Amino acid sequence: MDDDDDDIPQLSSHTLAALQEFYLEQQQREGMKTSQGFNQYSIGSVEEDWQLSQFWYSDETASCLANEVVVAAGKGGRIACVSAPSVYQKLKEQDGKDFSVCILEYDRRFSVYGEEFIFYDYNHPLNLPENLLPHSFDIVIADPPYLSEECLKKTAETIKYLTKGKILLCTGALILPSVMV
């Protein structure tokens, strides 16, 4: 038998450092969840699920987007967050006296938010509850989960159904040509 066959695979120092950083962040998130001051609406209270193509915005980005939609919605406005849970969470951290908000999301872990959660599958863009009336939201913020033309078109169907006219669409540069059509 050759000695080379007995080599144990090893991670490079950079890969090992990245893995250790990931585990440390995971431990910190778990520590936050068990601490007294846990806020169910804080970004990271529901962890990203890469299998669902979930990548949360930073606090700064989510706050900026939340502030923009509040201004656009106006006093007493209705806001729909389509596949944008970190923006929803930032909106819920705000006072919320001047607006109402709901979250349309595929990930059922967000059902912890009660009646404001609406299960949403972009593959069935108009399969929405009967009480979700057309053109009933002052603004819709959407971040389609996949960078594909198909996902964008189906999400656009939902947006057009929900919005009175204002849309804040967040997507990647790769799909930008499809948005410009």
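Residues numbered from 1 in each chain as written. Predicted model: local features only at pLDDT ≥ 70, side-chain atom pairs only at ≥ 80, totals over all residues. Heavy atoms only, no water.

Proteins that are soluble and globular tend to have nonpolar side chains buried together. Counting residues in hydrophobic clusters, the biggest one holds 24 residues, and the most contacted among them are I79, C81, V87, L91 and I141. When contributions to this core are tallied by element, the ones reaching two or more residues are α2 (59-73), β1 (77-82), α3 (85-93), β2 (99-105) and β4 (137-142). (Core = buried A, V, L, I, M, F, W, Y, C linked by side-chain atoms within 4.5 Å. Buried < 20%, exposed > 50% of the residue type's maximum accessible area, 1.4 Å probe, protein only. Helix = DSSP H or I, 4+ residues; strand = E, 2+ residues; numbered from the N terminus.)

With that settled, the discussion passes to the pairing of β1. Most of β1 is tucked away, with five of its six residues classed as buried. Bridging between β1 and β2 involves six bridges; their strand directions are parallel. For G77, the partnering residue across the bridge sits in β2 and is F99. This β-α-β element, β1 to α3 to β2, shows right-handed connectivity. The pairing of β1 with β4 spans four bridges and is parallel. (Pairing = 2+ DSSP bridges. Right-handed = clockwise from strand over helix to strand, strands pointing away.)

What follows deals with the state of the cysteines. Cysteine pairs can be linked by a disulfide, which is a covalent bond between their two sulfur atoms. Here the structure, examined in full by the defined rule, presents zero disulfides. C81 carries a free sulfur, and the closest cysteine sulfur to it, the one in C102, is 7.3 Å from it. (Disulfide = S-S within 2.5 Å.)

This part takes up the pattern of salt bridges. Under the defined criterion, the tally for this structure stands at eight salt bridges. Among the salt bridges present, the one from K90 reaches D59, with a minimum N-O distance of 3.5 Å. Here K90 is found in helix α3, whereas its partner D59 is found in helix α2, with 31 residues between them in sequence. Take K90: its relative accessible area is 12%, and that puts it in the buried class. Linking D138 and K164 is a salt bridge whose minimum nitrogen-to-oxygen distance equals 3.2 Å. Taken as a pair, D138 in strand β4 and K164 in strand β5 (residues 163-169) lie far apart in primary sequence, 26 residues in all. Residue classification places K164 among the exposed residues on the basis of a relative accessible area of 54%. Each of D59, K90 and E93 takes part in a single network of salt bridges with overlapping partners. (Salt bridge = Lys/Arg side-chain N within 4 Å of Asp/Glu carboxyl O.)

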